[in-house]
Amino acid sequence: MQRPGLVGRLFGAALLTTFAVGIYLNFGLYDVLTGGDGLLANATTMSTHIGVIGLATLASGLASIAAAAMLASELGGTSPWLSRTYLALVTAGLAMSLVEYTSLSAYRELAEAATGQSGTDLATAVLRGLRNGVHFTDK
């Protein structure tokens, strides 16, 4: 049996890291955000928390894409379809995570408008939250 090389070790480390971050996000940070009175009530006081979730999600997704790209470059000659499919799935997963973060940003804006902290109507708050979620993730 051949020993795993550097690419195999880096790929394994990236997978373990993204799994650990995903578990922490889903069962740690999201539980705090959605617990108690719920997401809408908590979003006004946890805007930094929402930002940390967005950054951790982005970092985890980029690490997954880097690992998939390493795998694709290593296995591209022997298993091109499999390696490209994995890269496409990981990229789609990052895109969906960013859509989720965008909805959290909209929740924050909606919660601030609903409690009267922002002075705008609810529809404007939701649209601004969606726009800011996409804009800040892009930047």
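Worth saying up front: this structure is predicted, and the values here are computed from it rather than measured.

Re the nonpolar core
In summary, soluble globular proteins display a tendency toward joint burial of nonpolar side chains. Core analysis: the biggest nonpolar cluster contains 12 residues, these being Leu-25, Leu-29, Tyr-30, Leu-33, Leu-39, Ala-43, Met-46, Ile-50, Ile-53, Tyr-101, Leu-104 and Ala-111. Ranked by residue count, the leading element in this core is helix H1 (residues 6-34), at 4 residues. With residues near it in sequence (within four places) discarded, Ala-43 still touches Ile-50, Tyr-107, Arg-108 and Ala-111.

So, the layout of surface pockets
Approximately 230 Å³ is the volume attributed to the largest pocket. Forming the walls of the largest pocket are 15 residues, and the residues nearest its centre are Thr-57, Ser-60, Gly-61, Gly-93 and Ser-97. Elements that contribute at least two residues to the lining of the largest pocket include exactly H1, helix H3 (47-75) and helix H4 (80-114). Counting residues per element, the lining of the largest pocket draws most heavily on H4, which supplies 6 residues. In terms of residue class, the lining of the largest pocket is built from 5 nonpolar, 9 polar and 1 charged.

Regarding H1
Compared with an ideal rise of 1.5 Å per residue, which puts 29 residues at 42 Å, H1 spans 40 Å between its outermost C-alpha atoms and is within 8% of the ideal. Every buried residue of H1 is listed here: Phe-11, Ala-14, Thr-18, Leu-25, Gly-28, Leu-29, Tyr-30 and Leu-33. Each element contacted by the buried residues of H1 is listed here: helix H2 (39-42), H3 and H4. Trailing H1 by a residue or two, Gly-36 shows a phi angle of about 65°, which is positive.

With respect to the packing of aromatic side chains
On inspection of all chains with the given rule, the structure shows 1 aromatic pair. Measuring from centroid to centroid gives 6.0 Å for Phe-11 and Tyr-86, while their planes differ by 70°, and the two rings are edge-to-face. In this pair, Phe-11 sits in helix H1 while Tyr-86 sits in helix H4, placing the two residues 75 residues apart along the sequence. Looking at Phe-11, the relative accessible area reads 15%, which means it is buried. Judged by relative accessible area, Tyr-86 falls into the partly exposed class, the value being 27%.

Procedures and definitions
- Residues numbered from 1 in each chain as written.
- Predicted model: local features only at pLDDT ≥ 70, side-chain atom pairs only at ≥ 80, totals over all residues.
- Heavy atoms only, no water.
- Core = buried A, V, L, I, M, F, W, Y, C linked by side-chain atoms within 4.5 Å.
- Buried < 20%, exposed > 50% of the residue type's maximum accessible area, 1.4 Å probe, protein only.
- Helix = DSSP H or I, 4+ residues; strand = E, 2+ residues; numbered from the N terminus.
- Contact = heavy atoms within 4.5 Å.
- 1 Å grid on protein atoms, 1.4 Å probe; cavity = no way out; pocket = protein on both sides within 12 Å on 5 of 7 lines; lining within 4 Å.
- Points joined across faces, edges and corners; volume = space filled by probe spheres on them.
- Nonpolar A, V, L, I, M, F, W, Y, C, P; charged D, E, K, R; others polar.
- Expected span 1.5 Å × (residues − 1).
- Phe/Tyr/Trp six-rings, centres within 6.5 Å; stacked < 30°, edge-to-face > 60°.

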